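Understanding the architecture of this molecule
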Amino acid sequence: MFIAFEGLDGCGKSTQLDLLFQYLKTAGKKVIKVREPGSTEIGEKIRAILLDRNLNINERTELLLFLASRAQLVEEIIKPALNEGYFVLVDRFADSSVAYQGGARNLGIENVEFLNTFATNNIFPDLVFFIDIPVEIALKRISKKNKDRLENEGKAFLEKVRNSYLYLSNKRENFITINGEKTVEEIFEEIKSHIQKFI
Ligand code: TYD
């Protein structure tokens, strides 16, 4: 089973992914976790380019680099793991490109959805947990750390990212929107309730 975690930087998705990873492991399930961009040797090299604050990357170049990292991740890790019956947990996947590049960078939601299908060879998550927080809270939470290039974009950019995610949550059946202002425990209870029927 393939599960993605999505949301604004600072929404708490990585914490929830780790909790689910431990939970599935304890339940005796085969499970792996990966992050995007990255997780393969090629992907980590691409990640370093994408997050470098000193580079001035054109937005189409940016999208294609995210897609290249994803294509490699699918072939090298995700597809083989799914074939062996693993739970695959990803910290961001195709919908990050839809929201950040398609929505916020104005490259077009449908364009990015089409290119994602090519990059992933039509492999998409069974479930996407979108942990939704208001932009003000995201900014407060990420102000504490040393920001990477995309986190540096500011309020208007993040509003567009959030609105794109909210658009997807109305459109997609596998998209589960969770209120990220709840406590870590409450959010995890909600995630578990959606996973229960699959374990
Ligand atoms: P991430 O590693 O999730 O950052 P963090 O660990 O700080 O939460 O993602 C790095 C940045 O890349 C993040 O700002 C979102 C952005 N991103 C895109 O713009 N498009 C994409 O397709 C992906 C996967 C990430």
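In case you missed it, the structure is sitting above this.
Presented here is an overview of the structure given in this document. (Residues numbered from 1 in each chain as written. Predicted model: local features only at pLDDT ≥ 70, side-chain atom pairs only at ≥ 80, totals over all residues. Heavy atoms only, no water.)

So, the overall build of the protein
To keep things clear, this is the line we draw: A helix here means a DSSP run of H or I that spans at least four residues, while a strand means a run of E at least two residues long, and both kinds are numbered starting from the N terminus. We compute the radius of gyration over the C-alpha atoms and compare it with the globule rule, which gives 2.2 Å times the number of residues raised to the power 0.38. Residues are treated as being in contact if the distance between any of their heavy atoms lies within 4.5 Å. For accessible areas, the Shrake-Rupley method is used with a probe of radius 1.4 Å. Any residue's cover is judged against the shown protein chains and nothing else.
Counting its secondary structure elements, the protein contains eight helices and five strands. For the protein, the α and β elements follow one another from N to C terminus as β-α-β-α-α-β-α-α-β-α-α-β-α. Taken over C-alpha atoms, the radius of gyration comes to 16 Å for the protein, in line with the 16 Å a tight globule of 199 residues would show. Along the longest, intermediate and shortest principal axes, the C-alpha atoms of the protein span 45 × 35 × 30 Å. Restricting the contact set of the protein to residue pairs at least 6 apart, pairs at least 24 apart contribute 77%. As displayed, the protein has an accessible area near 9,600 Å², and 50% of this comes from carbon and sulfur atoms.

Some thoughts on the side chain of Glu113
Heads up, the condition is: Under the scheme applied here, a residue whose accessible area is under 20% of the maximum for its type counts as buried, over 50% as exposed, and between as partly exposed, the area being computed with a 1.4 Å probe on protein chains only. Any pair of nitrogen or oxygen atoms within 3.5 Å is treated as a polar contact; in protein, a donor-acceptor pairing is required on top of that, and neighbouring residues in sequence qualify only through side-chain atoms on both sides.
Looking at the secondary structure, you find Glu113 in helix H5 (residues 109-120). Looking at Glu113, the relative accessible area reads 17%, which means it is buried. A distance of 3.0 Å separates the side chain of Glu113 from the side chain of Lys171, its partner in a polar contact. Not counting chain neighbours up to four residues away, the residues in contact with Glu113 comprise Val98, Leu168, Lys171 and Arg172.

Brief notes about the side chain of Lys192
The topology assignment puts Lys192 in helix H8 (residues 184-195). In this structure the side chain of Lys192 is engaged in a polar contact, spanning 3.2 Å, whose partner is the side chain of Glu189.

Section: helix H4 (residues 94-104)
Counted residue by residue, H4 has eleven buried out of eleven residues, so it is predominantly covered. Taken residue by residue, H4 has Ala94, Asp95, Ser96, Ser97, Val98, Ala99, Tyr100, Gln101, Gly102, Gly103 and Ala104 as its buried positions. Looking at the buried residues of H4, the elements they touch are strand S1 (2-6), helix H3 (59-83), H5, strand S4 (127-132), helix H7 (155-171) and strand S5 (175-179). Asn106 lies just past H4 and shows a positive phi near 65°.

Here we look at the packing of H4 against H7
For the record, the criterion: Here, axes are lines fitted to C-alpha atoms. For helices the fit covers the stretch in contact, and angles between N-to-C directions go from 0 to 180 degrees. Our angle categories are set so that under 35 degrees counts as roughly parallel, over 145 as roughly antiparallel, 65 to 115 as roughly perpendicular, and the remainder as oblique. When the near helix sits turned anticlockwise from the far one by under a right angle, the crossing is termed left-handed; a clockwise turn instead gives a right-handed crossing.
Running from N to C, H4 and H7 point in directions that differ by 125°, and their axes come no closer than 8 Å. One finds that H4 runs oblique with respect to H7. Taken as a pair, H4 and H7 cross one another with a handedness that is right-handed. Residues Asp95, Ser96, Val98, Ala99, Tyr100, Gly103 and Ala104 of H4 touch H7, and the partners they reach there are Phe157, Lys160, Val161, Ser164, Tyr165 and Leu168.

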